[in-house]
Number of protein chains: 2
Amino acid sequence: EILAELTAFFTPKHLAGKRVVITAGPTFEPIDPVRGITNLSSGKMGYALAQAAQQAGANVVLVSGPTALAEPYGVQRMDVQTAQQMLAAVQAHIADTDVFIAVAAVADWRVAEPSAQKIKKQAGSLPSLAFVENPDILATIAALPNPPYCVGFAAESENLAEYAQAKRAKKNIPLIVGNVAQTALGADDNELLLCDAAGTQRLPRASKQVLAQQLIEAISQRLG
Amino acid sequence: EILAELTAFFTPKHLAGKRVVITAGPTFEPIDPVRGITNLSSGKMGYALAQAAQQAGANVVLVSGPTALAEPYGVQRMDVQTAQQMLAAVQAHIADTDVFIAVAAVADWRVAEPSAQKIKKQAGSLPSLAFVENPDILATIAALPNPPYCVGFAAESENLAEYAQAKRAKKNIPLIVGNVAQTALGADDNELLLCDAAGTQRLPRASKQVLAQQLIEAISQRLG
């Protein structure tokens, strides 16, 4: 905490008085009471952004899927499990928000009918799962009458810039951040590609903490 | 480490010179490079057992699915992701093993054909997943010509003793440990029901550390 306070003291207050909502981590979509579908997001990038935004003076709400990370200092954290719960938590906190950063790796689909009892293994019998589409949290928030400045993330293995710009247009948001590193998931460092209407800007390989500070500064510049 | 050394110093060496292999945590069965099927196991009980066995003097190999837990002091840890990888790691270390404790919550099924590329979300298109059965790690080890003393775990919401005894018979192993607490998954304490040929024995609610020590002692008594 002392380190966090000190770092905050020396960080320019680019986001003083701003309200920021950030999603982070994976979602967990139940199959039955013990099994579910998830993804490999560690939550590190989202948590680093929450800390960097707080240190830049913002009032930060972090809506987090299941992770093993400690709560960032001075940040209000809401724990959720599923995409639907994540959307509800974001909607509950989005009023008067200036910036919404959707870092969470939200499951695109959930199981149509999760089982209330643990599915028993039976010889020769395999389960079959039907899926339904989850809500698109970022597009939902971007479609609000007076949306906050919306930032999305893209993690594609091929044609990152092209894919990121297409995703930006489709979701109708001003800024998409691409994970350049194939190995970004779970790692402690990363490399980012900022894609907005002006084109692309590369943030070279660095720790997620350093990249988070640079990205928060880039966002604050775009707020004008 | 000092605490671990001290605790070990004062722990009776019930397993001195014994070799113990323990599985812990969930498995993660890929759907594509970023998504997969997992379960809610935290790995805490398996890690506590690995530490307790080491403190009781055993040479311990811990084969662990993805967890956020620190490596137990003095234990050899092998990290794996899928059930097939877990079986291979156990088989690679099972020679001359005295005790095998299968605590991991192994996925019963894996996706038949995981996608090599991230499955893209397309409007109106839902994925369909076909499954194949995973190997039964505990039954495979119990069926070896000279098997180690095999211990399994059962986590059923209903009829625990009955289910545990049926599982013990089916897998042909001497001891099954039932998680009595419905809320054991992820929690720091638990309550156990030991089921063997002599009947059932209850270990009342306690921390997973204390229960691990009691269970290691109960196993060492059964080794004779």
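Provided above is the structure to which this section pertains.
All values derive from a computational prediction rather than experimental measurement.

Enquirer: How do you make sense of the packing of helix α2 (residues 44–55) of chain A against helix α6 (residues 208–223) of chain A when you look at a structure like this?
Expert: In a pair of packed helices, the angle between the axes and the distance between the axes together describe the arrangement. Residues and elements named next belong to chain A. Between α2 and α6, the shortest axis-to-axis distance is 8 Å and the interhelical angle comes to 55°. The angle between α2 and α6 places the two elements in the oblique class. Here the hand of the crossing between α2 and α6 comes out right-handed. On the side of α2, the interface is formed by Lys44, Met45, Ala48, Leu49, Ala52, Ala53 and Gln55, while α6 contributes Lys208, Gln209, Leu211, Ala212, Gln213, Leu215 and Ile216. Looking at side-chain class alone, the contact of α2 with α6 contains nine nonpolar, three polar and two charged residues.

Enquirer: In this structure, what is going on with the side chain of serine 64 of chain B? I would like to understand it.
Expert: Residues and elements named next belong to chain B. Turning to its location among the elements, serine 64 is positioned in strand β4 (residues 59–64). A polar contact is formed between the side chain of serine 64 and the side chain of tyrosine 47, at a distance of 2.6 Å. Discounting residues that sit within four places of it in the chain, serine 64 has contacts with Ala24, Tyr47, Arg77, Met78, Asp79, Val80 and Met86.

Enquirer: Could you clarify how one ought to interpret the interface of chain B and chain A in this entry?
Expert: By convention, interface size is frequently given as the accessible area that disappears when the constituent parts associate. Opposite the 36 residues of chain B that make contact, chain A presents 36 residues. With both sides pooled, the region where chain B packs onto chain A buries about 3200 Å², and carbon together with sulfur makes up 58% of that total. A per-residue breakdown of the area chain B buries against chain A is headed by Trp109, Lys121 and Phe131 of chain B, which together make up 22% of the total. Viewed at the interface, chain A and chain B are joined by two salt bridges. In this structure, the salt-bridge partner of arginine 35 of chain B is aspartate 108 of chain A, at a minimum N-O distance of 2.5 Å. There are six residue pairs in polar contact (both at pLDDT 80 or more) connecting chain B and chain A. For the side of chain B that touches chain A, the secondary-structure elements that each account for two or more residues are β3 (35–39) and β8 (131–133) of chain B.

Enquirer: Sorry if this is basic, but what is going on with the environment of phenylalanine 28 of chain A here?
Expert: Here phenylalanine 28 of chain A shows up in the loop between β1 (19–24) and β2 (29–30). Here the alpha-carbon distance between phenylalanine 28 of chain A and alanine 102 of chain A, two residues 74 residues apart in the chain, equals 16 Å. The contacts of phenylalanine 28 of chain A, once residues within four sequence positions are left out, are Val34, Arg35, Gly36, Ile37, Thr38, Pro66, Gln81 and Thr82 of chain A together with Thr38 and Leu40 of chain B.

Enquirer: Explanation requested: the pairing of strand β9 (residues 149–154) of chain B in the structure shown.
Expert: In summary, the side chains of a regular strand alternate between the two faces of the sheet. Residues and elements named next belong to chain B. Counting buried positions along β9 yields six of six residues, so the element is predominantly enclosed. Burial of β9 is two-sided: the residues Tyr149, Val151 and Phe153 facing one way and the residues Cys150, Gly152 and Ala154 facing the other way are all buried. Pairing analysis gives four bridges linking β9 to strand β10 (residues 175–179), with the strands arranged parallel. Pairing of phenylalanine 153 across the sheet is with valine 177, part of β10.

Enquirer: Would you take a moment to explain the sheet that holds β10 of chain B for this structure?
Expert: Strand pairing in a sheet takes place through backbone hydrogen bonds and is either antiparallel or parallel in direction. All names here are of chain B. Strand order in the open sheet made by the eight strands is β5-β4-β1-β6-β9-β10-β11-β12, with mixed pairing throughout. Looking at strand neighbours, the two that pair on one side only are β5 (76–79) and β12 (199–207), the edges of this open sheet. Geometrically, the sheet is characterised by an average inter-axis angle of 20° between neighbouring strands, direction not taken into account.

Enquirer: So what exactly am I meant to see when it comes to the relation of the copies chain B and chain A here?
Expert: The relation between the two chain copies is a rotation about an axis coupled with a shift along that axis. Least-squares fitting of chain B to chain A yields an RMSD of 0.0 Å, with the transformation described by 0.0 Å of translation along the axis and a rotation of 180°. The relationship between the two copies is best expressed as a two-fold rotation axis. Across chain B, the rotation axis passes nearest the C-alpha of isoleucine 37 of chain B, at a separation of 2.2 Å. A high fraction, 100%, of the interface residues of chain B reappear at the interface in chain A, so the copies pair face to face through one surface.

Rules used throughout
Residues numbered from 1 in each chain as written. Chains lettered and ligands numbered in written order. Predicted model: local features only at pLDDT ≥ 70, side-chain atom pairs only at ≥ 80, totals over all residues. Heavy atoms only, no water. Axes fitted to C-alpha atoms, helices over the stretch in contact; angles between N-to-C directions. Helix = DSSP H or I, 4+ residues; strand = E, 2+ residues; numbered from the N terminus. Parallel < 35°, antiparallel > 145°, perpendicular 65-115°, else oblique. Left-handed = near helix turned anticlockwise from the far one by under 90°. Contact = heavy atoms within 4.5 Å. Nonpolar A, V, L, I, M, F, W, Y, C, P; charged D, E, K, R; others polar. Polar contact = N/O pair within 3.5 Å; in protein donor to acceptor, adjacent residues only side chain to side chain. Buried area = accessible area lost by both parts, 1.4 Å probe. Salt bridge = Lys/Arg side-chain N within 4 Å of Asp/Glu carboxyl O. Buried < 20%, exposed > 50% of the residue type's maximum accessible area, 1.4 Å probe, protein only. Pairing = 2+ DSSP bridges. Least-squares fit on C-alpha atoms with pLDDT ≥ 70 in both.

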